[in-house]
Amino acid sequence: MSEWETVAVEKEDGIAWVYLNRPEKRNAMNPKLHYEMLEVLDRLEFDDTAGVIVLAGKGDAWCAGQDLKESFRDLWDEPAELKRSSWAAQEWRWRRLYTYPKPTIAMVHGYCFGGAFTQLIACDVALAAEEATFGLSEVNWGTFPAGLVSRVLTEALGYRDAMYYVLTGATFDGRRAAEMRLVTFAYPQAQLRERTEALARTLLEKNPHTLAACKDAVKNSARMDFALAEQYFAARSLALRAVDPDARRQGIEQFLSGEYKPGFEPYSRSDQDQ
Ligand code: ACO
């Protein structure tokens, strides 16, 4: 798929590597990139050859945040386009990505600033290079992390760390990001791609309907009380069985016949070669 200018998609054995592709601008997000990312996510959602999405960046940066020129200054006198591109920005980075039915991995190898935190936190798993540089720089140019950043950051990091980095704009590396739980793991830069691919392959071995249910269960129940969560899980479980009636039966049968140990590996899916 090479039909986009600001995004490059490379598919490889079930993994869709989605690169923000404005390396000369450190992958700062202009309106075109927001519109193209909406198209890309639409396309990959219904593409059976894309089982896991990895969000990456071309060049030295993962993403330098919003394009301060094209997404903001150039649109100061164009309120309609500003509104439309702001909608697209929020739509793909949060509403679509956070609720995406397929597993998503953020692979952060370089700069991650400002608005880039939105898609970073929206991805299910985030892996970073220890050498990557993160920063909430908004305070340094006269504003605060808006969109949803301050909100979701505080949930990911906790109040003390979120407040410190929002107030100071201080940068931090991948190790610190992992320590604060902003990313899942940090690895030396040289290992990042290999580790990301290994994780993607692990996820590809699982039943995709089950993975979608896992995502819904964790994300949707976070703000429910216990009674509501129990009811939601019961209903989601029925929905899972409706879409894939054989999944649990196959797994349980294979365990009881001694074929595998579900504590360590996924069951063999009969639908996998179809
Ligand atoms: N918006 C617009 N253009 C940008 C952005 C950005 N966020 N980040 C980088 N660029 C452009 C630069 O203007 C420059 O363009 P030019 O070659 O036409 O002059 C090009 O990308 C390369 O940038 P340099 O600054 O020369 O690259 P360097 O590697 O030295 O520094 C860094 C990279 C640290 C990312 C620096 O560009 C920077 O501080 N960018 C702003 C980061 C930021 O604060 N982002 C948050 C934006 S606010 C938000 O997202 C809500």
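Up top is the structure.
Residues numbered from 1 in each chain as written. Predicted model: local features only at pLDDT ≥ 70, side-chain atom pairs only at ≥ 80, totals over all residues. Heavy atoms only, no water.

Okay, the site of the ligand next. Surveying the vicinity of the ligand reveals 16 residues, the closest of which are Lys25, Ala64, Gln66, Gly115 and Ser137. Arginine 26 has a polar side-chain atom sitting 2.9 Å from an oxygen atom of the ligand. Alanine 64 is positioned such that a nitrogen or oxygen atom in its backbone is 2.8 Å from a nitrogen atom of the ligand. Here the ligand has 920 Å² of accessible area as a free molecule, and 60% of this is covered by the chains. (Near = heavy atom within 4 Å. Polar contact = N/O pair within 3.5 Å; in protein donor to acceptor, adjacent residues only side chain to side chain. Areas by Shrake-Rupley, 256 points an atom, 1.4 Å probe, with all protein chains shown as cover.)

The bulk of non-glycine residues show a negative phi, and the bulk of peptide bonds are trans. With a phi close to 45 degrees, aspartate 13 is a non-glycine residue in the positive phi region. Summarising the element assignment, aspartate 13 is placed in the loop between strand S1 (7-12) and strand S2 (15-20). Of note in this structure, arginine 26 is not a glycine but carries a positive phi near 55 degrees. Tracing the chain through its elements places arginine 26 in the loop between S2 and helix H1 (31-45). (Helix = DSSP H or I, 4+ residues; strand = E, 2+ residues; numbered from the N terminus.)

For the rest of this paragraph, the subject is the packing of aromatic side chains. Counted according to the given criterion, the structure contains 10 aromatic pairs. On the basis of an interplanar angle of 15 degrees and a centroid distance of 4.4 Å, the ring pair of tryptophan 94 and tyrosine 98 is categorised as stacked. In this pair, tryptophan 94 and tyrosine 98 are both assigned in helix H3 (residues 79-98), 4 residues apart and thus about one turn of the helix distant. Under the relative-accessibility criterion, tryptophan 94 is labelled buried at 12%. Lysine 58 extends its terminal NZ or CZ atom over the ring of tyrosine 19, reaching a point 4.1 Å from the ring centre. Above the face of the tyrosine 35 ring, arginine 84 is positioned so that its terminal group lies 4.3 Å from the ring centre. (Phe/Tyr/Trp six-rings, centres within 6.5 Å; stacked < 30°, edge-to-face > 60°. Buried < 20%, exposed > 50% of the residue type's maximum accessible area, 1.4 Å probe, protein only. Lys NZ or Arg CZ within 6 Å of the ring centre and 35° of its normal.)

Glancing now at H3. The terminal C-alpha atoms of H3 lie 27 Å apart, and with 20 residues this matches the ideal 28 Å at 1.5 Å per residue to within 8%. Residue glutamate 91 marks the point of greatest curvature in H3, where the axis turns by about 45 degrees. Buried residues of H3: Ser85, Ala88, Ala89, Gln90, Glu91, Trp92, Arg93, Trp94, Arg96 and Leu97, and no others. Contacts made by the buried residues of H3 are with S2, H1, strand S3 (52-57), strand S5 (104-108), helix H4 (116-122) and helix H5 (149-157). (Expected span 1.5 Å × (residues − 1). Bend = angle between axes of the 7 residues up to and from the residue. Contact = heavy atoms within 4.5 Å.)

Moving on to a nonpolar patch on the surface. Nonpolar side chains collect at one region of the surface, where Tyr159, Met163 and Leu167 lie side by side and expose about 330 Å² of accessible area between them. Positionally, methionine 163 belongs in helix H6 (residues 159-168). When its relative accessible area of 35% is taken as the criterion, methionine 163 is described as partly exposed. (Patch = residues over 30% accessible without salt bridge, like charges linked within 9 Å, V, L, I, M, F, W, Y side chains within 5 Å. Salt bridge = Lys/Arg side-chain N within 4 Å of Asp/Glu carboxyl O.)

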